[in-house]
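Observations on chain architecture
Residues per chain are reported as follows:
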Amino acid sequence: MKKVGFLTSGGDCQSLNATMRATVKALCDTYKEIQIIGILDGYKGLIYGNYITMCEKDFEGILSLGGTILGTSRQPFKQIQRLEENGFDKIEAMVRTYNELALDCLIILGGNGSHKTANLLSTKGLNIITLPKTIDNDIWGTDVTFGFYSAVDVATYAIDCIHTTASSHSRVFVVEVMGHKVGWLTLHAGVAAGADAIIIPEIPYDIHKIADLIKRQKEAGKNYTILAVAEGAKSVEDSQLTKKEYKEKLKGLPYPSISYKIGEEIEALTGEEVRITIPGHMQRGGGPNAYDRILSSRMGSAAAAFVKEGMFGYMVGIRNHELVPVPLYEVAGKLKQVDPDSAFIKEIKDLGIVFGD
Ligand code: F6P
């Protein structure tokens, strides 16, 4: 008899359910008797002992269902480590819940922040296996995360739709794409949807270079311009500030997000009419695409194999199309960014797409 817990943590994404379904399918194929515990609402459920007993049937019919059937929450690593006012220790509480449930292992589907907590729990002796989820694709140790390519589809569709209206009105559009501190989603959607400029945090932009592009396009007879801008994009000047200085600066700005600042500056420099579009959480919503369903099926199968082999303290990663175990201590605390000097960026620059540098 095996007793396996599941927990989904951090911002949701497409394919969380598909990944749990695959893991459960493979586990049930291996073990005659298995008990499944669903920890509710991420680490919160582990801290406060909120869970449900589940069976294989609960994971049927959810391959194409977005979100997570377990619920999720954000529990920042810093806060998790801090004692509550009454002295309640959240880490101790998580270890206690795990032990009281007598789990053989806990499978955590999480992003960057969640991996820090997963690694910590692993160092406390819990048998942890993780699966890399996020639309941001910023988890170190894996070429791709599930959720990413589904979000690329949504962001691509959003930019696709903008082409016709931008062209009809001869406007400049800034489409703000999610991705937190990295530009993977903006880069991929921008290329897929034919954006004229792709502005990402890894390549600080000079607003004059973007304005020049707009003027050049107009002179060449193109009456509209589409800029795919990552929510974490930074100007050359801002990229020279410390993290703290930049945070302070942002607080003082009258814009809800960076796109509005870019939009206003472009209007001033070019005299063109600018509109801002933000697809926002739509990018995380809905069901997984075919690519993610396949990736989730493979990763879930690998996670079940890790359980069988007693390989704990690892994330299931994918490198060069092969599934690989990645030690949690290597993943925790790192960020996978777009390499500005990569062949990919060079190829896209060679198409004439402007990055603002
Ligand atoms: O990490 C996924 C993500 O969608 C980021 O791209 C975005 O910055 C953030 O989550 C939004 O978080 P929330 O759902 O808490 O608003």
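Please refer to the structure higher up on the page.
Quick notes on empty space enclosed by the protein
In the structure shown here, the tally under the stated rule is 1 cavity of 30 Å³ or more. Of the voids in this model, the largest cavity is the one considered here, and its volume is about 50 Å³. Every residue lining the largest cavity is listed: Ser 170, Arg 171, Val 172, Ile 214, Gln 217, Lys 218, Lys 222, Asn 223, Tyr 224, Thr 225 and Glu 272. It is helix α8 (residues 207-219) that contributes the most residues to the lining of the largest cavity, 3 residues altogether. Class assignment of the residues belonging to the lining of the largest cavity gives a composition of 3 nonpolar, 4 polar and 4 charged.

Remarks on a positive patch on the surface
A contiguous patch of positive charge, built from Lys 78, Arg 82, Lys 116, Lys 181, Lys 243 and Lys 247, is present on the exposed surface. Its location among the elements puts Lys 78 in helix α3 (residues 77-81). Overall, Lys 78 belongs to the exposed group, its relative accessible area being 65%.

Brief notes about the pattern of salt bridges
Pairs can form between side chains of opposite charge once their charged atoms are near each other. Applying the stated criterion across every chain, the model contains 11 salt bridges. The closest approach of N and O atoms between Asp 196 and Lys 222, which form a salt bridge, is 2.7 Å. One end of the pair, Asp 196, is in the loop between α7 (184-192) and β7 (197-199); the other, Lys 222, is in the loop between α8 and β8 (225-230), and 26 residues separate them in sequence. For Arg 275, the salt bridge goes to Glu 273, with nearest N and O atoms at 3.2 Å. Through salt bridges with shared partners, a single ionic network connects Arg 171, Glu 273 and Arg 275.

Considering the layout of surface pockets
Computed from the structure, the second largest pocket encloses a volume of approximately 260 Å³. Taken together, 15 residues form the lining of the second largest pocket, with Asp 143, Val 144, Tyr 149, Tyr 291 and His 321 sitting closest to its centre. When residues of the lining of the second largest pocket are traced back to their parent elements, those giving at least two are α6 (148-169), α7 and α12 (290-309).

A short note on the site of the ligand
All residues adjacent to the ligand are Arg 74, Ile 135, Asp 136, Met 178, Gly 179, His 180, Glu 231, His 281 and Arg 284. In the environment of the ligand, an oxygen atom lies 2.7 Å from a nitrogen or oxygen atom belonging to the side chain of Asp 136. Within the complex, the protein chains bury 72% of what would otherwise be the 400 Å² of accessible surface of the ligand. Looking at the shell around the ligand, its residues break down into 2 nonpolar, 3 polar and 4 charged.

Regarding α7
Where burial is concerned, most of α7 is hidden: 7 out of the 9 residues are buried. Residues of α7 that are buried include every one of Trp 184, Leu 185, Thr 186, Leu 187, His 188, Ala 189 and Gly 190, and no others. Those residues of α7 that are buried are in contact with α6, β6 (172-177), β7, β8 and α14 (343-349). Downstream of α7 by one or two residues, Gly 194 has phi in the positive range, about 70°.

Thoughts on the packing of aromatic side chains
Tallied over the entire structure, the rule returns 5 aromatic pairs. For the ring pair Tyr 48 and Phe 88, a centre distance of 5.7 Å and an interplane angle of 10° mean the geometry is stacked. Taken together, the residues Tyr 48 in helix α2 (residues 43-48) and Phe 88 in the loop between α3 and α4 (90-101) connect sequence positions 40 residues apart. Among the residues examined, Phe 88 registers a relative accessible area of 23% and is labelled partly exposed. Look at Phe 306 and Tyr 314: their rings are 6.5 Å apart centre to centre, the planes differ by 70°, and that puts the pair in the edge-to-face class. In textbook terms, an aromatic cluster arises when at least three aromatic residues are bridged by ring pairs, as seen for Phe 148, Tyr 149 and Tyr 291. Over the aromatic face of Trp 184 sits the side chain of Lys 336, whose NZ or CZ is 5.2 Å from the ring centroid.

Parameters and conventions
- Residues numbered from 1 in each chain as written.
- Predicted model: local features only at pLDDT ≥ 70, side-chain atom pairs only at ≥ 80, totals over all residues.
- Heavy atoms only, no water.
- 1 Å grid on protein atoms, 1.4 Å probe; cavity = no way out; pocket = protein on both sides within 12 Å on 5 of 7 lines; lining within 4 Å.
- Points joined across faces, edges and corners; volume = space filled by probe spheres on them.
- Helix = DSSP H or I, 4+ residues; strand = E, 2+ residues; numbered from the N terminus.
- Nonpolar A, V, L, I, M, F, W, Y, C, P; charged D, E, K, R; others polar.
- Patch = residues over 30% accessible without salt bridge, like charges linked within 9 Å, V, L, I, M, F, W, Y side chains within 5 Å.
- Areas by Shrake-Rupley, 256 points an atom, 1.4 Å probe, with all protein chains shown as cover.
- Salt bridge = Lys/Arg side-chain N within 4 Å of Asp/Glu carboxyl O.
- Lys, Arg positive; Asp, Glu negative; His and termini not counted.
- Charge placed at Lys NZ, Arg CZ, Asp CG, Glu CD.
- Buried < 20%, exposed > 50% of the residue type's maximum accessible area, 1.4 Å probe, protein only.
- Near = heavy atom within 4 Å.
- Polar contact = N/O pair within 3.5 Å; in protein donor to acceptor, adjacent residues only side chain to side chain.
- Contact = heavy atoms within 4.5 Å.
- Phe/Tyr/Trp six-rings, centres within 6.5 Å; stacked < 30°, edge-to-face > 60°.
- Lys NZ or Arg CZ within 6 Å of the ring centre and 35° of its normal.

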